[in-house]
Every structure is written in C-alpha cells, then in structure tokens.
Amino acid sequence: MKSVHIPIQAIKGRGVSHQQPHRFERDARESFDDGWGALDEVAHAQDEAPPPFTEVTWEDCKSAITRNESPDVGFNLGLNPYRGCEHGCVYCYARPTHSYLNLSPGLDFETKLIAKRNVAEVLRRELASPRHVPELIAIGTVTDAYQPVEREWRLMRDVLQVLSDTRHPLAIVTKGSGVERDIDLLAPMAAQGLAAVYVTITTLDAKLARILEPRAAAPHRRLRTLRTLAEAGIPVGVSVAPQIPFINDDMEQVLEASWEAGARRAFYTVLRLPWEVNPMFRQWLELHYPDRAARVMARVQEMRGGKDYDADFSQRMRGRGIWADLIRQRFDKACQRLGFNQEREPLDTSQFRPQAVRAQQELF
C-alpha cells in the first residue's frame, strides 16, 4: 500500500509535517492509497491549508532546576523555561519528551508549546534553600530558551535576573539571536566569571539550515550573535552538533568562521535518533535527500554498532567505529589548528549569595 505523499509546501517553515504517533499510544494510524484518488485529495487539501500556527499554553511548574544523572553530559543542574521548541529542528533528541504530555513529538513539539510562567519565582525559592549547593546551571540543553516565543513571554529574562541577583554561575546553549537582548545582564556576570554562552551552528549552508532548523536564526545571524557577545566581553563557544554524515559536511568551515567571530571553545556530538526521532528523520531524508538517504543511514548505523541508535552512555554522544573516529579526528585537528579549547569555560561558584533572594522573599 502506498503511503501518504506529503507535499513540500505542507512543511514550509516547520521541521516535521505530521503528527508522529508517540510511543505510549496504543494504536497508530496511517493513511493509504485505496485506488480511488483519496491520497491526491489529502495532498491537495494539505497544499492549500494555512500553515500550522504556534500555540502556547502555560503551566505552574513545581521545580525549576532539573538534576542530571547521565555521566556523559558534563553538568549536573539544568533549567528549561519551555516545553517544546518552535525552532523545529528535525534531528532534535528532545522531541520524545512531548510524548509524556500525550502530544506528538512531531508537529506538536514545534507548534504546541508550554511556558513555565512561574519558573523564575520557583528558581528564586530553590536558590534560597539552605540545601542548595551552587554549581553550574546549564540552560537550553533540552529546548531553546531563546526560541521565538521568548520575545513575548520573557521567561529567560526573569531567570537571568534571579541568577544575576544571586551571582549564580550559568552557561547557555542556543540557536537564537534573542540572547543579545540580555547582554546587559550577561556581560556583568561574565566579568565576574559567572556566565558563558555557546551558540549552535550546524552548518553555514543557509539552504540546508532552512530545512534542517526552519525557525532558528540563519547561520550568518548566529555568527553575528557570536561576535556581538564576544565584543561585549562574554566568553563564547560554538557547538557544531549534531554531525550528520553526508549532510552537514562543512564542520571545518563552521569552526573557522566561529573563531573569526570570537568563539574560543567548541564541542560536537553526532546525530542521535532516540524513540520517535528515528522515523521522523528517515522521512525527512527521503523527502529532501532521496538520492543519499540509504547512504546516510548506513553510516549512522555504522556509528551505532549496526543499529539506528544506541543509548549506551559510553558512546551515544560521539558514536563508535571508523566513521565516528573520522569525525573526531576532523574536529580535533581543526580545533588544534585554530586554537579552540574543547573544555567548558570555568565558572566561579564562590560568589553565590543566597541571602539576596532570601531578602527579596522577606519583602514580599
């Protein structure tokens, strides 16, 4: 039976065009060609329908700080003001988190967002706790804190204000140029050794970026963000993650351009395809790169011991085998030639002052 054809127009501006069933659903449904032209009618309707718009609902979160127990991540504390991400990156390993909300990791993940409207208030309370031990808080490691809806909700701005008041160290990972809005808070913190920003630049190819990360800032705009932050005295680094065989093959050029823009640290990971991300990425490949889809997946499987994905902590970020080793060598040699430090920016935890938030709580 022929699967539904998805016209390119139906996914313009979005990374995924369909409601990918999540793994907790009992039944999965798929349209098929019954020989009566029904698929053509569906395709025509999708082609003429208005593009899906972004819906934002709010929640009152019970905790702001998340705790990481994965040994391969490199930080213990995280914070994400939003669930879901409007950037719509097709490869995003966070997509399956929408399954826990009974929402699709596909189109829902990038169009049905949840804003934690009280995140700054809860963070203030958690930092005031005598049990809190200050250490780096990584922001934007699951969903991007500077995705487009942040312009209206300004949750990240409030979070930064709390961290600034308490002199608590933080590192931000983002594809959004909106981080420039908060230079007035980040620059003084950086001067005290309390803040660093890492900008993800997957490729310099604007055409590829438009279909790979449809609502993230354009590559040239992210380079400008790096330069703007660096000129403000904020330590900046670049993430060239994920590396996808035969797709974004300009890693060295990205690193060179990022160094010229002021980045002095760099890191990468290889493509990860957990749970529902796997069929969505395969569909994306067949739609945009049908001539090399099988070749790409063959190399992905080579890095995963013959599987599409392996969650083993010892190799899930970098992969294994000849192809993974080739990517590592390319990255290491480019970093060595340019002068990049592959270690994270060291930040100061000794300046933390919980009394600042306690005093604010007493005022209210």
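Residues numbered from 1 in each chain as written. Predicted model: local features only at pLDDT ≥ 70, side-chain atom pairs only at ≥ 80, totals over all residues. Heavy atoms only, no water.

Caption draft 1: View of the overall build of the protein. In terms of regular secondary structure, the protein is built from 13 helices and ten strands. Here the protein, with 364 residues, has 52% of them falling under the buried criterion. Here the analysis covers contacts within the protein between residues at least 6 apart in sequence; of these, 81% occur between residues at least 24 apart. (Helix = DSSP H or I, 4+ residues; strand = E, 2+ residues; numbered from the N terminus. Buried < 20%, exposed > 50% of the residue type's maximum accessible area, 1.4 Å probe, protein only. Contact = heavy atoms within 4.5 Å.)

Caption draft 2: Structural context of the side chain of Asp-310. Tracing the backbone shows Asp-310 in the loop between α11 (293–303) and α12 (322–338). At 3.1 Å, the side chain of Asp-310 forms a polar contact with the backbone nitrogen of Asp-312. Among residues more than four places away in sequence, those in contact with Asp-310 are Arg-304, Gln-315, Arg-316 and Arg-320. (Polar contact = N/O pair within 3.5 Å; in protein donor to acceptor, adjacent residues only side chain to side chain.)

Caption draft 3: A look at the nonpolar core. Judged by nonpolar contacts, the single largest core of 63 residues is most densely connected at Ile-139 and Leu-255. Setting aside chain neighbours within four positions, we find Leu-255 in contact with Val-238, Val-240, Ala-266, Phe-331, Ala-334, Cys-335, Leu-338 and Phe-340. If you look at the next biggest cluster of nonpolar residues, it comprises 26 residues, including Ala-94, Val-277, Met-280 and Trp-284. (Core = buried A, V, L, I, M, F, W, Y, C linked by side-chain atoms within 4.5 Å.)

Caption draft 4: Seen up close, the sheet that holds strand β7 (residues 170–174). Read across the sheet, seven strands follow the order β2-β3-β6-β7-β8-β9-β10 without closing on themselves; strand pairing throughout is mixed. Since the sheet does not close on itself, it has two edges, and those belong to β2 (66–67) and β10 (265–267), each with one partner. Pairing between strand β6 (residues 137–139) and β7: three bridges, direction parallel. The residue of β7 that forms the bridge with Ile-137 is Leu-170. (Pairing = 2+ DSSP bridges.)

Caption draft 5: Representation of the side chain of Thr-269 within the structure. Mapped onto the fold, Thr-269 is located in the loop between β10 and α10 (277–288). Ignoring anything within four residues of it in the chain, the contact list for Thr-269 reads Ala-241, Pro-242, Gln-243 and Met-317.

Caption draft 6: Region of interest: the pattern of salt bridges. One pass over the structure, following the stated rule, counts 21 salt bridges. Measuring nitrogen to oxygen at the nearest pair gives 3.0 Å for the salt bridge that ties Arg-157 to Asp-182. Of the two residues, Arg-157 is situated in helix α5 (residues 155–166) and Asp-182 in the loop between β7 and α6 (183–191); the sequence distance between them amounts to 25 residues. Given the relative accessible area of 17%, Arg-157 is considered buried. The buried category is assigned to Asp-182, whose relative accessible area is 0%. Residues Arg-337 and Glu-256 are paired through a salt bridge, measuring 3.1 Å at the closest nitrogen-oxygen approach. Linking Arg-337 in helix α12 with Glu-256 in helix α9 (residues 251–261), this pair joins segments that are 81 residues apart in sequence. For Glu-256, a relative accessible area of 31% translates into the label partly exposed. (Salt bridge = Lys/Arg side-chain N within 4 Å of Asp/Glu carboxyl O.)

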